[in-house]
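Below, each chain spelled out in residue letters.
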Amino acid sequence: DTHDPTSLRTPIVAVLGHVDHGKTSLLDKIRGSAVIEGEAGAITQHIGATAVPLDVVSSIAGELVDPDDFDLPGLLFIDTPGHHSFTTLRSRGGALADIAILVVDVNDGFQPQTLEALDILRRSETPFIVAANKIDTVPGWNENENSPINDTYESQSDRVTSRLDEKLYEIIGNLSDEGFSADLYWRVQNFQRNVGVVPVSAMTGEGVPDLLAVMMGLSQRYMKEEMEIDVAGPGVGTVLEVKEEKGFGKTIDIVLYDGTIRADDTIVVGGQNDPIVTEVRALLQPRPLAEIRTESRFEKVDEVSAAAGIKVAAPELGDAMAGAPVRVVRDRDLDDVIDEVEAE
Ligand code: GTP
Ligand code: MG
C-alpha cells in the first residue's frame, strides 16, 4: 500500500431512523457507555458525534475486522434525533454523512421518519446499510451477547429464525417499494447497487460485529478515494451546537469534515446576521469514544484534523448558529472566506 495513511480522513457515518428505533442505544453499545441515560425524556434532541478508532472497531468486530486490512483511521458516528419535530437536524446529519446506517426496529418496521430518512439519503446519494434492530425481542430469542449474527442464528430454534426472517423480508420489501434493491447483507455482492440489511440488537450487541465490519468494508472499498484529503489544508466544518462552557463563554461544537483546525487559527463562522470573524482561543477534544453532546472532560489540543467532532472556544460566538458553516482562514484571503461562508 503506497498511500500515506495520514492523508485519509475518517469517514462520517450518520445514524438515522424513526424515533425510539435504537440509534443512540446502538452507539452506546459501540461506545461502551450509556449516553441514552442522560437524555431528557429519553429522546435525542441534538446531533451528536463520536469518534471510534479502528482498533476499537476491530476489538468489537473480532475476527470480522482485521485492522491490517484497513488504512482508514476509524469511523466518526453522527447520532441524529428520530422525533418528527427534528427534520432540520436529520437533514443536517444526512448532509454531513459519507455513509449512513438506517436503523429500523424489526417489530415496528417502516415508520414515517424511516421514510423521511430514506428520502434524505436518496437525495444526497449517500450509500447506506440498514440495521434491523431489536432482534432480541423476537419471542423465544436465545441471547448470545456481542455475538456475530451467524453464530447467534445457529443457536436459535427454527421457529425463532423463521419469525425473524419474516420481519427482515418485510423490511427488504419496504426498501424495494421505495426503489432500493436490498437483501440480507451476507447475500450482497455489490453494496453500491444493493442495500445490505444487518440484523442487530443494540441491547445484547448481537450483530454489532457484523455492522461494524460492513461499515468498515464499505468505507474502505467504495469511499477511499473520497477520503483522500489534504489534511493539512484549512479546516471546514459545520456547527452542531452553540454552548456556554465554564471558563470559555460561548463555544461551538463542530464537525470538521475537511482539513485541519489549529489553536491559533482565524475562523469565519456563520452568524445570525453577518459572518463572525474570530480567533480560536482553545480547541477542546472529547476523549475517544466520548459523545461530544455529553462529554465533560475535554482535552485541550493544538490541532485537529478531519473528520472530528471538536469544541471550539473563541470570542464573539454569541451570534453563532447551529447548522452554520465554519471555515479556517489560514493563508487564504479573508474576504474570500467570508464570501464562502455567506454563500453556504
Ligand atoms: P431517538 O433518538 O429519540 O430518535 O431514539 P433512538 O432511535 O436513539 O432510540 P433509543 O436508543 O433511545 O432507544 C429507544 C428505546 O428502545 C430504549 O428504551 C432502548 O432501551 C430500547 N432499545 C434500543 N435498542 C434495543 C434493542 O436492540 N433491543 C431492545 N430490547 N430494546 C432496545
Ligand atoms: Mg437517540
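Reading the values: rules and limits
Residues numbered from 1 in each chain as written. Chains lettered and ligands numbered in written order. Predicted model: local features only at pLDDT ≥ 70, side-chain atom pairs only at ≥ 80, totals over all residues. Buried ≥ 20, exposed ≤ 12 C-beta atoms within 10 Å, placed from the backbone. Helix = DSSP H or I, 4+ residues; strand = E, 2+ residues; numbered from the N terminus. Pairing = 2+ DSSP bridges. Axes fitted to C-alpha atoms, helices over the stretch in contact; angles between N-to-C directions. Parallel < 35°, antiparallel > 145°, perpendicular 65-115°, else oblique. Left-handed = near helix turned anticlockwise from the far one by under 90°. Contact = placed C-beta atoms within 7 Å. Nonpolar A, V, L, I, M, F, W, Y, C, P; charged D, E, K, R; others polar.

Student: Mind showing me how you'd approach the pairing of strand β4 (residues 99-105) here?
Tutor: Along any regular strand the residues' side chains alternate between the sheet's two faces. Across the seven residues that make up β4, a large majority, seven, are buried. Of the two faces of β4, both are covered, the one formed by I99, I101, V103 and D105 as well as the one formed by A100, L102 and V104. Sheet topology note: the strand β1 (residues 12-17)/β4 ladder contains five bridges and is parallel. Counterpart to A14 in the pairing with β4 is A100.

Student: Looking at this structure, how should I read the packing of helix α2 (residues 54-61) against helix α7 (residues 208-227)?
Tutor: When two helices pack together, you describe them by how their axes are tilted relative to each other and by the distance separating the axes. The interhelical angle for the contact between α2 and α7, taken along N-to-C directions, is 135°, at an axis separation of 8 Å. Compared by their axis directions, α2 and α7 come out oblique. Seen from above, α2 lies across α7 with left-handed handedness. Packed against α2, whose contacting residues are V57, I60 and A61, the element α7 presents V208, P209, L212, A213 and M216 at the interface. In terms of residue class, the contact of α2 with α7 is made up of eight nonpolar, no polar and no charged.

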